[in-house]
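# Secondary and tertiary structure notes
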Amino acid sequence: MKFYFYTVFGIVAALIGWFLSQIFFIDLAKTWGQENLPFLAEFILLPLVAACLAVTMVATEIFLSNPTHYKANKRILPLYISGALLTGMITGVIASVLDRK
């Protein structure tokens, strides 16, 4: 059963990351007033998608491993979420740099 939760939440997280990156692309293109951005799209897309996936994996694991203690889960969640955001952003930047080569 956990497999299905991880699959569904992973798909949703990837879609949310893709959606957020598209918002940044549209806003940045309007800011610079041009069609092409002065940098590659992977430097926004991959860190956002990786961070969303990391946060979703951590939150899913916390809530599925202890489903009856919501208050305890909400208390420990912010610490792990900040670590997941940082780790996801770093791995996304590394992936975008490696994708460039």
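A brief report on the enclosed structure follows.

What counts and what doesn't
- Residues numbered from 1 in each chain as written.
- Predicted model: local features only at pLDDT ≥ 70, side-chain atom pairs only at ≥ 80, totals over all residues.
- Heavy atoms only, no water.
- Helix = DSSP H or I, 4+ residues; strand = E, 2+ residues; numbered from the N terminus.
- Rg over C-alpha atoms; globule rule 2.2 N^0.38 Å.
- Buried < 20%, exposed > 50% of the residue type's maximum accessible area, 1.4 Å probe, protein only.
- Contact = heavy atoms within 4.5 Å.
- Areas by Shrake-Rupley, 256 points an atom, 1.4 Å probe, with all protein chains shown as cover.
- Patch = residues over 30% accessible without salt bridge, like charges linked within 9 Å, V, L, I, M, F, W, Y side chains within 5 Å.
- Salt bridge = Lys/Arg side-chain N within 4 Å of Asp/Glu carboxyl O.

### Concerning the overall build of the chain
Within the chain one finds three helices and zero strands. For the chain, the succession of helices and strands along the chain, N to C, is α-α-α. Over its C-alpha atoms the chain spans a radius of gyration of 16 Å, topping by over 25% the 13 Å that the globule rule assigns to 101 residues. Here the chain holds 101 residues, and the buried ones make up 25% of them. Of all intrachain contacts in the chain linking residues separated by at least 6 positions in sequence, the fraction that spans at least 24 positions is 67%. Total accessible area on the chain is roughly 7,200 Å²; 73% of this is exposed by carbon and sulfur atoms.

### Details of the environment of Tyr4
Tracing the backbone shows Tyr4 in helix α1 (residues 2-32). Exposure remark for Tyr4: the relative accessible area of 56% places this residue in the exposed category. Considering only alpha carbons, one finds Tyr4 and Gly92, 88 residues apart in sequence, at a separation of 25 Å.

### Structural notes on a nonpolar patch on the surface
A cluster of nonpolar side chains, contributed by Met1, Phe3, Tyr4, Phe5, Val8, Phe9, Val12, Ile16, Phe19, Leu20, Ile23 and Phe24, occupies part of the molecular surface with about 1,200 Å² of accessible area. Within the element layout of this structure, Phe19 appears in helix α1.

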